[in-house]
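Residues per chain are reported as follows:
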Amino acid sequence: FPGLEGVVEVPTVRRDGSILATPGFDPATGLYYLPDPALTIPPIPEHPSANDLQLAVGLVDDVLADFPFVDQASRANAWAVLVTTMIRHAIQGGVPLCICDAPKAGTGKGLFVSMASVIATGRLAAMFSAPDDDDEWRKQLTSALLIGATMIIIDNLEGRLDSASLSRALTAPIWADRILKTNTMAHLPNNATWLATGNNVEMSDEMNRRTVLIRLDAGVEAPEERSGFKHPLPAWAIEHRGDLVSACLSIVMHWIDAGKPRSDANLGRFEEWAAVMGGVLGVSGVSGFLGNRGAQRVQDSEIREWVVLCQAWWEMFEALPV
């Protein structure tokens, strides 16, 4: 039997820029494309016109219209999540954890990750809560990668995110761990898209360097009581899944047709992902990608403490060796 690299449920971009769209096993990638029989995807143009691009960008903007992003960077990072699910297997190396954060519950964090999951897989992804210790983190991550999950969602983070196992998983192309209750070592490819939700999440420096931030804020005391939304999500995304998949892939094909320009956006350990995503969004007119990295670092209490200490030290001693 040929080696199986993974199972995908939407057409997927290969590393050579072509699209895997024929159901069944694909020898070029080792992927098995297993679409929902009910999924109907409009034709994806090999050379999208300006009108094709405008329609595709408009549709993605439409599905994101009701989310209260605090800035353009958060909106662009949300775009990157949706596109990553279509191009993940064409990106060499890992992808960072995207944290969808808000001041309080009911703002739309879970709705966003559910909607992203629906577009990528046709269903709401399984979620797990953040464990209390690192050994439990390791077991949860092994279980998620063992079943070949294309999307891993960590729900409702509380307090400070600091896990050596999660840090390692995000940057390891192959995750090695012993299967629970056996002596068998599993070597599992890490081809997932990683998402997490939480309220006012703080992160260790190690986690900060492995995450991107989507910040939502409805600006009201009871965000769960809002009404007047443009679309009922995730139902609207489910109904229009084929169109949304086609839109995301058309945007990627436009980038390929433009010569695959790479962005100078940089994220250590995820350089390939940042360069590709920045390029895709740039030629599509979506600005702000990774533009909130500075604000994200400020959220880290450990960094704030060191900044205060260094400022106080300088005020007292300046350049005097102590």
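Residues numbered from 1 in each chain as written. Predicted model: local features only at pLDDT ≥ 70, side-chain atom pairs only at ≥ 80, totals over all residues. Heavy atoms only, no water.

> I keep staring at the overall build of the protein and nothing clicks. Help me out?
Regarding its fold elements, the protein presents 11 helices and 14 strands. In summary, the protein has a C-alpha radius of gyration of 20 Å against a globular reference of 20 Å for 322 residues, a match within 12%. Counting across all 322 residues of the protein, residues that qualify as buried make up 49%. In the protein, the proportion of contacts linking residues at least 24 apart, taken out of those at least 6 apart, comes to 77%. Only carbon and sulfur atoms are counted for the fraction: they give 54% of the accessible area of the protein, which is about 15,300 Å². One way to put it: in the protein the 25 positive side-chain charges average out to a point 4 Å from where the 39 negative ones average out. (Helix = DSSP H or I, 4+ residues; strand = E, 2+ residues; numbered from the N terminus. Rg over C-alpha atoms; globule rule 2.2 N^0.38 Å. Buried < 20%, exposed > 50% of the residue type's maximum accessible area, 1.4 Å probe, protein only. Contact = heavy atoms within 4.5 Å. Areas by Shrake-Rupley, 256 points an atom, 1.4 Å probe, with all protein chains shown as cover. Lys, Arg positive; Asp, Glu negative; His and termini not counted. Charge placed at Lys NZ, Arg CZ, Asp CG, Glu CD.)

> What is the right way to look at the environment of R88 in this model?
Secondary-structure assignment places R88 in the loop between α2 (72–87) and β6 (97–102). The class of R88 is buried, set by a relative accessible area of 3%. Put simply, R88 and V13 are 75 residues apart on the chain and 7.9 Å apart in space, counted from C-alpha to C-alpha. In this structure, R88 is in contact with G93, G94, V95, N190, N191, A192 and T193, ignoring residues within four places of it in sequence. Here A192 takes part through its backbone oxygen, which lies 3.2 Å from a polar atom of the side chain of R88. (Polar contact = N/O pair within 3.5 Å; in protein donor to acceptor, adjacent residues only side chain to side chain.)

> Please explain the pattern of salt bridges as it appears in this structure.
As a working rule, side chains carrying opposite charge can pair if their charged atoms are close by. Counted under the stated rule, the structure contains 14 salt bridges. For D135, the salt bridge goes to K139, with nearest N and O atoms at 3.5 Å. Taken together, the positions of D135 and K139, both in helix α4 (residues 134–146) and four residues apart, correspond to about one turn of that helix. With a relative accessible area of 37%, D135 lands in the partly exposed category. K139 sits in the partly exposed class, given a relative accessible area of 28%. With a closest N to O distance of 3.6 Å, R209 and D205 form a salt bridge. (Salt bridge = Lys/Arg side-chain N within 4 Å of Asp/Glu carboxyl O.)

> Honestly, the pairing of strand β14 (residues 211–215) in this entry has me stumped. Any pointers?
If a strand is regular, its side chains alternate between the two faces of the sheet. Across the five residues that make up β14, a large majority, five, are buried. Taken together, the five bridges between β6 and β14 define a ladder with parallel strand orientation. From the neighbouring strand, C100 faces β14, where its bridge partner is I214. (Pairing = 2+ DSSP bridges.)

> Explanation requested: the side chain of T171 in the structure shown.
Structurally, the position occupied by T171 is in helix α5 (residues 164–171). For T171, the side chain forms a polar contact with the main-chain oxygen of S167, separated by 3.2 Å. Within the local environment of T171, its side chain forms a polar contact with the side chain of R269, the two groups lying 3.5 Å apart. Excluding residues within four positions of it along the chain, T171 makes contact with R210, R269 and F270.

> Whenever I open this one, the side chain of H254 confuses me. Can you help?
Here H254 lies in helix α8 (residues 241–257). The exposure class of H254 is buried, given its relative accessible area of 18%. When sequence neighbours within four positions are dropped, the list of residues in contact with H254 reads P48, L53 and V283.

> I would appreciate a short explanation of the nonpolar core in the present structure.
The nonpolar side chains of a soluble globular protein tend to be buried, and buried together. Core analysis: the biggest nonpolar cluster contains 90 residues, and L64, W194 and W273 have the highest contact counts within it. Counting residues in hydrophobic clusters, the runner-up holds five residues, among them L20, L31, Y33 and L39. (Core = buried A, V, L, I, M, F, W, Y, C linked by side-chain atoms within 4.5 Å.)

> I would appreciate a short explanation of helix α9 (residues 271–283) in the present structure.
The α-helix winds at 3.6 residues per turn, so residues separated by three or four positions along the chain end up facing the same way. Given a rise of 1.5 Å per residue, 13 residues ought to cover 18 Å, and the 18 Å separating the end C-alpha atoms of α9 matches this to within 8%. Of the positions making up α9, those classed as buried are W273, A274, A275, V276, M277, G278, G279, V280 and L281. Buried positions along α9 lie against α2, β14 and α8. (Expected span 1.5 Å × (residues − 1).)

> Any chance you could explain the confidence of the model for the protein here in plain terms?
As a general rule, the predicted coordinates of low-pLDDT regions are not to be interpreted in detail. Residues of the protein with pLDDT of at least 70 account for 98%, and the chain-wide mean is 91. Within the protein, the element-level pLDDT minimum falls on helix α10 (residues 293–298), averaging 74, and the maximum on strand β4 (residues 24–26), averaging 96. (pLDDT = per-residue confidence, 0-100.)

> Would you mind going over α5 with me for this structure?
Of all eight residues in α5, six are buried, a share of seventy percent or more. Listing the buried residues of α5 in full gives S165, L166, S167, A169, L170 and T171. Two or three places before S165, at the opening of α5, S163 has a side-chain oxygen 3.4 Å from that residue's backbone nitrogen.

> What am I meant to see in the environment of D264 here?
Position of D264 relative to the elements: it lies in the loop between α8 and α9. On the basis of relative accessible area, D264 is assigned to the exposed category, the value being 76%. Between the C-alpha atom of D264 and that of V81, which follows or precedes it by 183 residues, the distance is 19 Å.

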